[in-house]
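Geometric and topological summary
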Amino acid sequence: MRTLHNVEDVATPEAFARDPDLVLRFYDMRREAIQTKAPNAAHLALARLDREWEGELLIVTQNVDDLHERAGAERVLHMHGEHLNAWCTACDARVPWTAPLIDRPACPECGAAALRPDIVWFGEMPYRMDEIFAALERADLFVSIGTSGAVYPAAGFVRNAREFGAATLELNLEPSQGTLWFDEARHGLATELVAAWVDEVLGA
Ligand SMILES: [Zn+2]
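Residues numbered from 1 in each chain as written. Predicted model: local features only at pLDDT ≥ 70, side-chain atom pairs only at ≥ 80, totals over all residues. Heavy atoms only, no water.

As annotated in an unreviewed UniProt entry, the protein carries the name protein acetyllysine N-acetyltransferase and is attributed to Novosphingobium clariflavum.

**As for the overall build of the protein**
When its secondary structure is counted, the protein shows eight helices and eight strands. Relative to a compact globule of 204 residues, whose C-alpha radius of gyration would be 17 Å, the protein shows 18 Å and is just as compact. Each principal axis of the C-alpha atoms in the protein carries an extent, and together these give about 50 × 30 × 30 Å. Relative to its 204 residues, the protein shows a buried fraction of 41%. Considering only residue pairs separated by 6 or more positions, the protein has 55% of its internal contacts joining residues 24 or more positions apart. For the protein, the accessible area works out to roughly 11,100 Å², and carbon and sulfur atoms hold 52% of it. Where the 18 positive side-chain charges of the protein centre and where its 33 negative ones centre are 4 Å apart. (Helix = DSSP H or I, 4+ residues; strand = E, 2+ residues; numbered from the N terminus. Rg over C-alpha atoms; globule rule 2.2 N^0.38 Å. Buried < 20%, exposed > 50% of the residue type's maximum accessible area, 1.4 Å probe, protein only. Contact = heavy atoms within 4.5 Å. Areas by Shrake-Rupley, 256 points an atom, 1.4 Å probe, with all protein chains shown as cover. Lys, Arg positive; Asp, Glu negative; His and termini not counted. Charge placed at Lys NZ, Arg CZ, Asp CG, Glu CD.)

**Topic: the sheet that holds strand 3 (residues 81-88)**
If you trace the three strands from one edge of the open sheet to the other, you get 4-3-5, paired in antiparallel fashion. This sheet does not close on itself; its edge strands, each paired only once, are strand 4 (94-96) and strand 5 (115-119). With strand direction ignored, the average angle separating the axes of adjacent strands in the sheet is 45°. In this structure, strand 3 lies alongside strand 5, joined through five bridges in antiparallel fashion. For G81, the partnering residue across the bridge sits in strand 5 and is I119. Across the face of the sheet, helix 3 (residues 20-34) comes into contact with strand 3 and strand 5 while running at roughly 135° to strand 3. (Pairing = 2+ DSSP bridges. Axes fitted to C-alpha atoms, helices over the stretch in contact; angles between N-to-C directions.)

**A closer look at the UniProt feature "active site" (unreviewed entry) in the protein**
In the numbering used here, UniProt assigns the "active site" (unreviewed entry) feature to H80. Take H80: it is sitting in the loop between strand 2 (76-78) and strand 3. H80 gets classed as buried once you look at its relative accessible area, which sits at 15%. Beyond its immediate sequence surroundings of up to four residues, H80 is in contact with T61, Q62, V64, D118, I119, V120, P126 and V151. (UniProt positions renumbered as here; feature names shortened; annotations may be inferred.)

**A short note on the coordination of the zinc ion**
Binding of the zinc ion to the protein goes through C88 (SG), C91 (SG), C107 (SG) and C110 (SG), at separations of 2.3 Å. Coordination geometry of the zinc ion: the four donor atoms subtend angles of 106 to 112° at the metal centre, consistent with an arrangement described as tetrahedral. Here the donor residues for the zinc ion map to a single chain with the spacing C-x2-C-x15-C-x2-C. Of this pair, C91 sits in the loop between strand 3 and strand 4 while C107 sits in the loop between strand 4 and strand 5, and the two are 16 residues apart along the sequence. The exposure class of C107 is buried, given its relative accessible area of 3%. (Donors = N, O, S within 2.8 Å, 3.2 Å for Na, K, Ca; no water. Tetrahedral: all angles 85-135°; square planar, octahedral: opposite > 155°, others 65-115°.)

Right, dumping it as C-alpha cells:
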C-alpha cells in the first residue's frame, strides 16, 4: 500500500501528541487494508511448523498484521504490537479492535475515549522482551526470516542467540545487514525458502 506520510509523521508518540487525527486516520487505513490481505506460503509453512513441531517454538514477529494467526499459527509473539488491537491509555487495557479509531470510540473496559493503536512507535519499548530473551537463551536454533537486520533490538537477536549457544540461520531475499553473524544464510523469496526449510525440519 502506498503511504502518504513519512513514518516519522505518524509512528512516534510525538506525532500522536501533535496531530492525533492524522495518526489515527493513517492507522485506520492500515487496519482496514490488512484485513483484505491473505497469508502467503511462508505464513502457511510456519503455521504448519507450529502445528507439527512438538518441541519448543516461538515465532517472534515485527509484523503488526494477523497473517500468522490467520494461517493458523498459535505460538506467535508480536513484539511491535498489532493492528487489530487497541490500547486504552486511560486503563491500560488491550482490546481486539477492527473498526476505526478516528471517532474516539469508548474503551470497552473503562468507557474512556482514550484508545490508541496498539503499535510500538519509534522511541517506545518493544513488547515482551523478557519472554523473547528467555526463548533466545533456551534456543538450539535461531532463524531470522525476511528482515533487513536494520531495526534494533530485533537486529541484535542473532548475536544474543549465538552467545547463548544456538545455531543461526538467515532466510532473506538478500544478505541482511547482519548476515555475517549467521552460521548459514539462504537468499531468495521467503515464500520458497521458508516452505523448503520447514520441509527439511519436519523431514517431509
Ligand atoms: Zn480503558
